[in-house]
Amino acid sequence: MGEATISVIIFVIVMIVIITEKINRAVVAVGGAVLLFITGVLTVDSGAGYIDYNTIGVLVGMMLFVSVVKNSGLFEYMAIKAAKVAKGSPAKMMVIFVVITAVLSCMLDNVTTVLLIGPMTFAITRELEINPVPYIITQILASNIGGTATLIGDPPNIMIGSAAGLTFMDFIANNGIIIAVVLAVTILCFLFIFRKDFSVSSHHISRVMAMDERELIKDRALLHKSVVMIVLVALGFIFHGNLGVDSSVIALAAAIIMMIIGRQPAEDTILDVEWTTIIFFVALFVVVGGMVETGVIDRLANIIVDVTGGEMVMAMLIILWVSALLSSTLDNIPFVATMVPLIASMGESGMDVMPLWWALSLGACLGGNGTIIGASANVVLTGISAKNGHPISYMQFLKVGFPMMIISIILCTGYLLLKYA
């Protein structure tokens, strides 16, 4: 059996086991990497060469940063403030929470955003005695939509930006406009879909309006430092291309500064990082690296070039729709890890691949809204919902998420055709 065949078999087995969710995905990915070493497809040194350290650096840096910031109570304060701005109106509250979730997901990892906003949603809906499920579903979709707009909003974008040398402003310039349109259309659809869930008594509205958001601020000094640092981090990401500094350097520098000035226990902050996710990423890069090393990715790239006749627009649309449909059933992270070297290889054959990077970004990130397992944020927030006594079934999510995903990809198809056709 050739090394190329072994690398494909190991990759397929890893993906199947990840989909079944019978074994922790980090364990599965590490197991796949170890099998590549044992079979001689990769050595430890060559495997390490396929790890995208910039992506890992951004994830670790932002997780450390948010671990300190969240101790200030900033995010809880924002959630209660939003509910009061909406004057307790469920419809207005949904719109405001959707916008807040989308905007925060532009600046923070979307998993982090839902971890912070989700629990407060349950507190407010409990006060209003209304069903939290519509709010949870809309926040999941909003986190994936908002995360699509920027370099750091969704892990796939970090991977794409690192591979293609794209900056924070490149993502804003190319994805920002269509994501604003997608968000606006999505909000209108939400108001129609959940129109029967917006009835609430005046007594319950009064109770929410009486809540004092200032009581949720745990550390005022840390709050002020956090706001200043969030602004500086945002500016750092926006201008990192002009500064000639990798996005990982910005994230890690912000994390270190925040850990020093935040005066929070370092051990707690470090333990708060989702190390399971980080290990999964590292191992997955190695597993995909096995197929790069043995030439499998190059051959797949040549097949796509042959099928499309080297026609960029056709390749762009295929990548957009395939990315969306596959990312709705697979976690979009391993899918993008496979596609990144594929598109890079197509570029080496002479095709203009810049539109393909944007098609991959839009398809993979928005495709995550298709099912309950399409993106990490979906799994995290539905898990929190179940713990709070409001489980969301696969079909319950599918009825809302999949049609909304298809609408968003249709909008993106029109946008990409207008821009590149």
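The structure under discussion appears in the preceding block.
Here we summarise the structure given alongside this text. Predicted model, so just to flag it, every value in this text is computed and none were measured. (Residues numbered from 1 in each chain as written. Predicted model: local features only at pLDDT ≥ 70, side-chain atom pairs only at ≥ 80, totals over all residues. Heavy atoms only, no water.)

**Focus: helix α16 (residues 296–308)**
Keep this limit in mind: The numbering of helices and of strands both runs from the N terminus, where a helix is a DSSP run of H or I of at least 4 residues and a strand a run of E of at least 2. One less than the residue count of a helix, multiplied by 1.5 Å, gives the span that helix is expected to have. Each residue is placed in one exposure class: buried if its accessible area under a 1.4 Å probe, protein chains only, is under 20% of its type's maximum, exposed if it is over 50%, and partly exposed if it falls in between. By the convention used here, residues are in contact when the closest approach between their heavy atoms is within 4.5 Å.
For α16, spanning 13 residues, the distance from its first C-alpha to its last is 19 Å, which sits close to the expected 18 Å at 1.5 Å a residue. For α16, the set of buried residues is V296, I297, A301, V305 and T308. Elements that come into contact with the buried residues of α16 comprise α1 (3–20), α15 (275–293), α17 (312–329) and α18 (332–348). Within two residues after α16, G309 carries a phi angle of roughly 65°, on the positive side.

**Description of the packing of aromatic side chains**
Going by this rule: Under the pairing criterion, centres of Phe, Tyr and Trp rings, with the six-membered ring standing for Trp, must be within 6.5 Å; the plane angle then separates stacked pairs below 30 degrees from edge-to-face pairs above 60, leaving the rest tilted. In this analysis the charged atom, NZ for Lys or CZ for Arg, is taken to sit over a ring once it is within 6 Å of the ring centre and within 35 degrees of the ring normal.
If you walk through the whole model with that rule in mind, you get four aromatic pairs. Seen from their ring centres, F190 and F194 are 6.3 Å apart, and the 45° between their planes marks the pair as tilted. For the pair formed by F190 and F194, the shared burial category is buried. For the pair F280 and F281, a centre-to-centre distance of 6.3 Å together with 70° between the ring planes defines the contact as edge-to-face. Each residue in the set F280, F281 and F285 is aromatic and connected to the rest through ring pairs, giving one cluster. Between the NZ or CZ atom of R25 and the centre of the ring of F280, over which it lies, the distance is 4.4 Å.

**With respect to unusual backbone geometry**
Of note in this structure, R263 is not a glycine but carries a positive phi near 55°. Judged by its relative accessible area of 72%, R263 falls in the exposed class.

**A closer look at the side chain of N174**
Here N174 lies in helix α10 (residues 168–193). Since its relative accessible area comes to 14%, N174 is described here as buried. Those residues in contact with N174 that sit more than four places away from it in its chain are W358, Y415, K419 and Y420.

**Some points on the environment of L166**
Tracing the backbone shows L166 in the loop between α9 (155–164) and α10. On the basis of relative accessibility, which here comes to 6%, the residue L166 falls in the buried class. Measuring from C-alpha to C-alpha, the distance between L166 and L151 comes to 8.0 Å, with 15 residues separating the pair along the chain. Once you skip the residues sitting within four places of it in the chain, L166 turns out to touch L151, I160, G161, F171, H240, M354, W357 and W358.

**Re the state of the cysteines**
Just so we agree on the cut-off: In what follows, a disulfide is any cysteine sulfur pair within 2.5 Å.
Enumeration according to the criterion identifies zero disulfides in this entry. The thiol of C365 is not disulfide-bonded; the next cysteine sulfur, from C412, is found 10 Å away. A relative accessible area of 0% places C365 in the buried class. Owing to a relative accessible area of 0%, C412 belongs among the buried residues under this scheme.

**Observations concerning the side chain of T338**
The topology assignment puts T338 in helix α18. With relative accessibility at 13%, the residue T338 sits in the buried group. Setting aside anything within four residues of it in sequence, one finds T338 in contact with F11, V288, M291 and I297.

**Brief notes about the packing of α1 against α15**
Cut-off, in case you're wondering: What counts as an axis is a line fitted to C-alpha atoms, over the stretch in contact for a helix, and the angles between N-to-C directions run from 0 to 180 degrees. Crossing chirality is assigned from the near helix's rotation relative to the far helix, an anticlockwise turn below a right angle marking it left-handed and a clockwise turn marking it right-handed. Residue polarity is assigned by list, with Asp, Glu, Lys and Arg as charged and Ala, Val, Leu, Ile, Met, Phe, Trp, Tyr, Cys and Pro as nonpolar; anything else, Gly included, falls into the polar class.
Relative orientation of the contacting elements α1 and α15 amounts to 145°, with a least axis distance of 8 Å. Between α1 and α15 lies a crossing whose hand is left-handed. Contacts between α1 and α15 pair S7, V8, F11 and I18 from the former with F280, V287, V288, G290 and M291 from the latter. In the contact of α1 with α15, the residues fall into seven nonpolar, two polar and no charged.

**As for the packing of helix α4 (residues 53–69) against α9**
Helix-helix packing: each pair is described by the crossing angle between the helix axes and the interaxial distance. The condition is simple: Roughly parallel covers angles under 35 degrees, roughly antiparallel covers those over 145, roughly perpendicular covers 65 to 115, and oblique covers all other angles.
At a minimum axis separation of 9 Å, α4 and α9 run at an interaxial angle of 140°. Comparing their axes, α9 and α4 come out oblique. As α4 packs across α9, the resulting crossing turns out to be right-handed. Between α4 and α9, the contacting residues are N54, T55, V58 and L59 on the first element and P155, I158, M159 and S162 on the second.

**Topic: the nonpolar core**
Here is the rule we go by: What we call a nonpolar core is a set of buried Ala, Val, Leu, Ile, Met, Phe, Trp, Tyr and Cys residues that are connected through their side-chain atoms within 4.5 Å.
If you look at the biggest cluster of nonpolar residues, it comprises 144 residues, and the most contacted ones within it are F65, M93, L356 and L360. For this core, the element with the most residues is α4, which contributes eleven residues.

**Points about helix α7 (residues 110–128)**
Across its 19 residues, α7 extends 26 Å between first and last C-alpha, which sits within 8% of the 27 Å expected from 1.5 Å per residue. With 14 of 19 residues buried, α7 lies mostly within the body of the structure. In the segment just after α7, E129 is the residue with positive phi, at about 55°.

**Some remarks on the pattern of salt bridges**
Counted only if it meets this: Every case where a carboxyl oxygen of Asp or Glu lies within 4 Å of a side-chain nitrogen of Lys or Arg is listed as a salt bridge.
Tallied over the entire structure, the rule returns one salt bridge. A salt bridge links D272 to K70; the shortest N-O distance between them is 2.8 Å. Taken as a pair, D272 in the loop between α14 (266–271) and α15 and K70 in the loop between α4 and α5 (74–85) lie far apart in primary sequence, 202 residues in all. With relative accessibility at 28%, the residue K70 sits in the partly exposed group.

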